[in-house]
There are 2 protein chains.
Amino acid sequence: MTKNRRQFLQSTTAAGLASGIAFSAEPSNVSLKEGDTILFQGDSITDAGRDKKHQKANDGRSLGRGYPHQIAGGLLRDHAALGLKIHNRGISGNKVPDLDNRWQADCLELTPAVLSILIGVNDIWHKLNGRYDGTAETYRDGFAALLKRTREALPDTRFVVCEPFVLKCGAVLQGEWFPDFDTRRAYAKEVADKAGAIWVPFQSMFDEAVAAGTKPEYWAHDGVHPSVAGHALMAKTWRETVGI
Amino acid sequence: MTKNRRQFLQSTTAAGLASGIAFSAEPSNVSLKEGDTILFQGDSITDAGRDKKHQKANDGRSLGRGYPHQIAGGLLRDHAALGLKIHNRGISGNKVPDLDNRWQADCLELTPAVLSILIGVNDIWHKLNGRYDGTAETYRDGFAALLKRTREALPDTRFVVCEPFVLKCGAVLQGEWFPDFDTRRAYAKEVADKAGAIWVPFQSMFDEAVAAGTKPEYWAHDGVHPSVAGHALMAKTWRETVGI
């Protein structure tokens, strides 16, 4: 058993007892080096109210109020000797083509050692409300092309693809999210696997949390945007899955 | 060995290995009940840019960007079944008399099950820059009176007193902070012990972090206000020490 695997199991045991939730994700073999940059990319869930004026690494305002901030706190605390640089560049409302449009400045030029992407909920939501016409296949192909472009520019970057998720409450009760959303989740996994990315299973994580007895609104009041508790659960699962 | 003690030691082992920092605080016997309120009180370190317009429990904006937010995330995630209500009512610039002035509305009326207070750095800082004339004894006696008043109004509340701290950098290199600051830290401990409070040793925590090889600026650039890493270290130590 590797050290990461052991730490993960210890952590799962203690936290699982406290929360009544158990996960079965397999940790990866990411290891951080001195001066590494970690970049969080995505939509409003990643953005989480960050201050876009300064966009400084490791800065409380620039990191927003969501899972990137909580992950950054833990990583900067637990790897203090490494001088990590952690950025949040999520932008509210973004879909895959929006990431593609700003990818040079907001990803490639930052040369991240670890690139974490959570994208997809607007690709379907904006289609449901008539503001966009991309299909599930548009999402799959665009996401795959974005990762291909990234791999060509950044051969050594470790990719982390976060599973798009919804909670069955709020806005998600209006409109025909299913089965389209499930198709898109499966496509995201397919794209992640083909790109050799680490897969962070946020949908199954929230499904298990709800199955353990909490209301979906507890984790995301509108079904899309996580609560403080939801972001904290995401941060914990991200760190355990990525293994850093 | 109690369950809390066991969990603490496991957690210390894993986290200590990762961060190179070891702590020796003794966990308490706090246990949370359904619907409990947890209140964080203090100055700018606790405030940490919170939105004061709404002041809603468990709300990302209302919790600010500091240790109360990170603790709240962890507690709301790990005790999802309890329906906890977590408030941050720290206000930038506050000293002990400022807390006393707003204590009825900002503490007693919230009837917290757990009350966490971090106060003291402005009581000396504002004296050093000529905006206040309270001595170390003024701080001690005012803090003791505040806790006595609180105990009379809230007989069942568990008190958590956080050790005031500074890092030796930034503003702390200007002016004669020592030995006055150390006297005040000792008084805070004395007040906490007399009130039966749990003591969270933030100064020794940061001292050990610096001794492990990181610059003081890494944890608080101006010597007073913690970085994202500093807040995350505080949150971890708070949870381990309070045992929830």
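Residues numbered from 1 in each chain as written. Chains lettered and ligands numbered in written order. Predicted model: local features only at pLDDT ≥ 70, side-chain atom pairs only at ≥ 80, totals over all residues. Heavy atoms only, no water.

A.B. asks: What should I look at first to understand the sheet that holds strand S3 (residues 114–118) of chain B in this one?
C.D. replies: Two orientations exist for strands paired in a sheet by backbone hydrogen bonds: parallel and antiparallel. Residues and elements named next belong to chain B. One open sheet holds the five strands; their spatial order is S2-S1-S3-S4-S5, and the pairing between them is parallel. Edge positions in the sheet fall to strand S2 (85–88) and strand S5 (198–200), since each of these pairs with one other strand and no more. Strand-to-strand twist across the sheet, computed as the mean angle between neighbouring axes with direction ignored, equals 15°. Pairing geometry for strand S1 (residues 37–42) and S2, over four bridges, is parallel. The residue bridging Phe40 from the neighbouring strand is Asn88, located in S2. Each of S1, S2 and S3 is contacted by helix H4 (residues 67–78), which is oriented at about 170° to S1, the strand it contacts most. (Pairing = 2+ DSSP bridges. Helix = DSSP H or I, 4+ residues; strand = E, 2+ residues; numbered from the N terminus. Axes fitted to C-alpha atoms, helices over the stretch in contact; angles between N-to-C directions. Contact = heavy atoms within 4.5 Å.)

A.B. asks: When you look at the interface of chain B and chain A in this model, what are you seeing that I'm missing?
C.D. replies: How big an interface is tends to be expressed through the accessible area that disappears when the partners come together. Between chain B and chain A, the contact holds 28 residues from the first and 29 residues from the second. Here chain B and chain A share an interface that buries about 2,500 Å² over both sides, 63% of which is from carbon and sulfur atoms. When residues of chain B are sorted by the area they lose upon contact with chain A, Arg65, Arg77 and Val228 of chain B head the list and together hold 28% of the total. In this assembly, chain B and chain A are joined by zero salt bridges. Between chain B and chain A we count four residue pairs in polar contact (both at pLDDT 80 or more) in total. Counting only elements with at least two residues in the side of chain B that touches chain A, the list comes to helix H1 (3–19), helix H3 (60–63), H4, helix H11 (216–219) and helix H12 (228–242) of chain B. For the side of chain B that touches chain A, the element with the highest residue contribution is H4 of chain B, accounting for eight residues. Looking at side-chain class alone, the side of chain B that touches chain A contains 13 nonpolar, nine polar and six charged residues. (Buried area = accessible area lost by both parts, 1.4 Å probe. Salt bridge = Lys/Arg side-chain N within 4 Å of Asp/Glu carboxyl O. Polar contact = N/O pair within 3.5 Å; in protein donor to acceptor, adjacent residues only side chain to side chain. Nonpolar A, V, L, I, M, F, W, Y, C, P; charged D, E, K, R; others polar.)

A.B. asks: When you look at the environment of Gly64 of chain A in this model, what are you seeing that I'm missing?
C.D. replies: Residues and elements named next belong to chain A. Considering the arrangement of structural elements, one finds Gly64 in the loop between helix H3 (60–63) and helix H4 (67–78). Relative accessible area serves as the criterion here: at 2%, Gly64 is assigned to the buried category. It is 5.0 Å that separates the C-alpha atoms of Gly64 and Gly49, two residues lying 15 residues apart in sequence. If we ignore the near neighbours within four places in the chain, the residues touching Gly64 are Asp47, Ala48, Gly49, Arg50, His69 and Asn88. (Buried < 20%, exposed > 50% of the residue type's maximum accessible area, 1.4 Å probe, protein only.)

A.B. asks: Would you mind showing me how to read helix H12 (residues 228–242) of chain A here?
C.D. replies: Along an α-helix, a turn takes 3.6 residues, which lines up residues three or four apart on a common side. Residue and element names in this part refer to chain A. Between the first and last C-alpha of H12 there are 21 Å, a value that for 15 residues agrees with the 21 Å anticipated at 1.5 Å per step. Most of H12 sits out of view: 15 of its 15 residues are buried. Just past H12, the residue Gly243 takes up positive phi, approximately 80°. (Expected span 1.5 Å × (residues − 1).)

Spatial relationships are all this shows, so hold off on functional conclusions.
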